[in-house]
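This is what each chain is made of:
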Amino acid sequence: MSDIILVRPDETMLDEIAAYREAMLAAEDSFDGCGGLEDYESPAAWLQHVRDMENPETCPPHLVTATIYAAVCKTDYGMVGMIDLRHRLNDFLAEYGGHIGYSVRPDERRKGYAKQMLALALDEAKKRGINRVLVTCDEKNAASARTILANGGVFERNAWLEDEKQTVRRYWINV
Ligand SMILES: CC(C)(COP(=O)(O)OP(=O)(O)OC[C@H]1O[C@@H](n2cnc3c(N)ncnc32)[C@H](O)[C@@H]1OP(=O)(O)O)[C@@H](O)C(=O)NCCC(=O)NCCS
C-alpha cells in the first residue's frame with residue numbers, strides 16, 4: 001500500500017513547485033525527473049513547459065515526449081518528489097538516461113518515497129505499453145541503485161558517459 005499518489009502538476013501546486021525548486025537548489029541537488037525545473041524561476045512557465053513536453057506537436061524537437069508527475073502524500077497532498085516517464089528512448093536515453101528519472105525533496109528522503117514513486121511510474125509505463133523499462137543511475141548513487149533493485153531492476157552493464165566523466169549503471173525492469 002502506497003503513502004503517495006502520482007499526479008500531473010497543476011495551477012493549485014504553484015507554491016509547492018516553487019518550494020521544491022528552492023529546496024533542491026539549496027541542497028545543490030540534481031533535478032532528476034523534474035522536467036527542467038531548475039531552469040524555470042516561474043512555476044507557471046514550468047507548468048506550460050511540462051504540458052508542452054507531453055504533446056508531440058509542442059515537445060521541443062531535441063527532446064522526447066514525456067509525462068512529469070508530482071508525487072504527493074495521500075494524507076496532506078504535500079509534494080514529496082517528482083518523477084518523469086519518457087514515452088520513448090532517443091539515442092542518449094537508450095544508452096545513459098533510460099525511461100524514468102526521479103528525485104525526492106531533500107527533507108523527505110529515506111522514508112521509502114523513491115521506491116514507491118518508481119513502482120507507481122512503472123504502472124504508468126505498463127499502461128503506455130512500455131513493458132521493458134530501462135532505468136539508469138550514476139554508479140556512485142547507492143540510494144538510486146537500491147531504489148531500482150527494490151523494484152525488480154536487473155543489472156545489465158555499465159556505460160561510460162564521457163561528458164560527465166561518470167559511469168552509469170543500466171538496469172532493466174520487466175513490467
Ligand atoms: C535517490 C533518491 C531519489 C532516493 O530517495 P529516497 O526517498 O530517499 O529513497 P527511499 O527512501 O525510497 O530509499 C530507497 C533505497 O535507498 C536507500 N537509501 C536512501 N538514501 C540512501 C543514502 N543516502 N545512502 C545509501 N542508501 C540510501 C534506502 O535504504 C533504500 O534501500 P533499501 O530498501 O535497500 O533499504 C534521493 O536521494 C534523491 O532525490 N537524490 C537526488 C536525485 C537523484 O539522485 N535521483 C536519482 C537519479 S538516477
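Whatever comes next refers back to the structure up there.
Note that the coordinates shown come from a computational prediction; the quantities given were computed from them, not determined experimentally.

Asker: I'm lost on the overall build of the protein in this one. Help?
Answerer: Counting its secondary structure elements, the protein contains 5 helices and 7 strands. Reading the helices (α) and strands (β) of the protein from amino to carboxyl end gives β-α-α-β-β-α-β-α-β-α-β-β. Computed over its C-alpha atoms, the radius of gyration of the protein comes to 15 Å, within 12% of the 16 Å expected for a compact globule of 175 residues. C-alpha extents for the protein along the principal axes are approximately 40 × 35 × 35 Å. Residues counted as buried form 46% of the 175 residues belonging to the protein.

Asker: Can you walk me through the site of the ligand in this structure?
Answerer: Close contacts around the ligand come from 20 residues, with Tyr 102, Arg 110, Gly 112, Lys 115 and Asn 141 the closest. Tyr 102 places a polar main-chain atom, nitrogen or oxygen, 2.8 Å from a nitrogen atom of the ligand. At 3.3 Å from an oxygen atom of the ligand is found a main-chain nitrogen or oxygen belonging to Ala 143. Relative to its free-state accessible area of 920 Å², the ligand is covered by the protein chains to the extent of 76%. Per-element tally for the shell around the ligand: the top contributor is helix α5 (residues 142–150), with 4 residues. Looking at the shell around the ligand residue by residue, the class counts come to 6 nonpolar, 7 polar and 7 charged.

Asker: Can you walk me through the pairing of strand β1 (residues 4–7) in this structure?
Answerer: For a regular strand, side chains alternate in direction, first toward one face of the sheet and then toward the other. Of the two faces of β1, only the one carrying Ile 4 and Leu 6 is buried; Ile 5 and Val 7 on the other face are not. Here β1 pairs with strand β2 (residues 66–73) via 4 bridges, running antiparallel. Bridge pairing in β2 links Leu 6 to Ala 71.

What counts and how
Residues numbered from 1 in each chain as written. Predicted model: local features only at pLDDT ≥ 70, side-chain atom pairs only at ≥ 80, totals over all residues. Heavy atoms only, no water. Helix = DSSP H or I, 4+ residues; strand = E, 2+ residues; numbered from the N terminus. Rg over C-alpha atoms; globule rule 2.2 N^0.38 Å. Buried < 20%, exposed > 50% of the residue type's maximum accessible area, 1.4 Å probe, protein only. Near = heavy atom within 4 Å. Polar contact = N/O pair within 3.5 Å; in protein donor to acceptor, adjacent residues only side chain to side chain. Areas by Shrake-Rupley, 256 points an atom, 1.4 Å probe, with all protein chains shown as cover. Nonpolar A, V, L, I, M, F, W, Y, C, P; charged D, E, K, R; others polar. Pairing = 2+ DSSP bridges.

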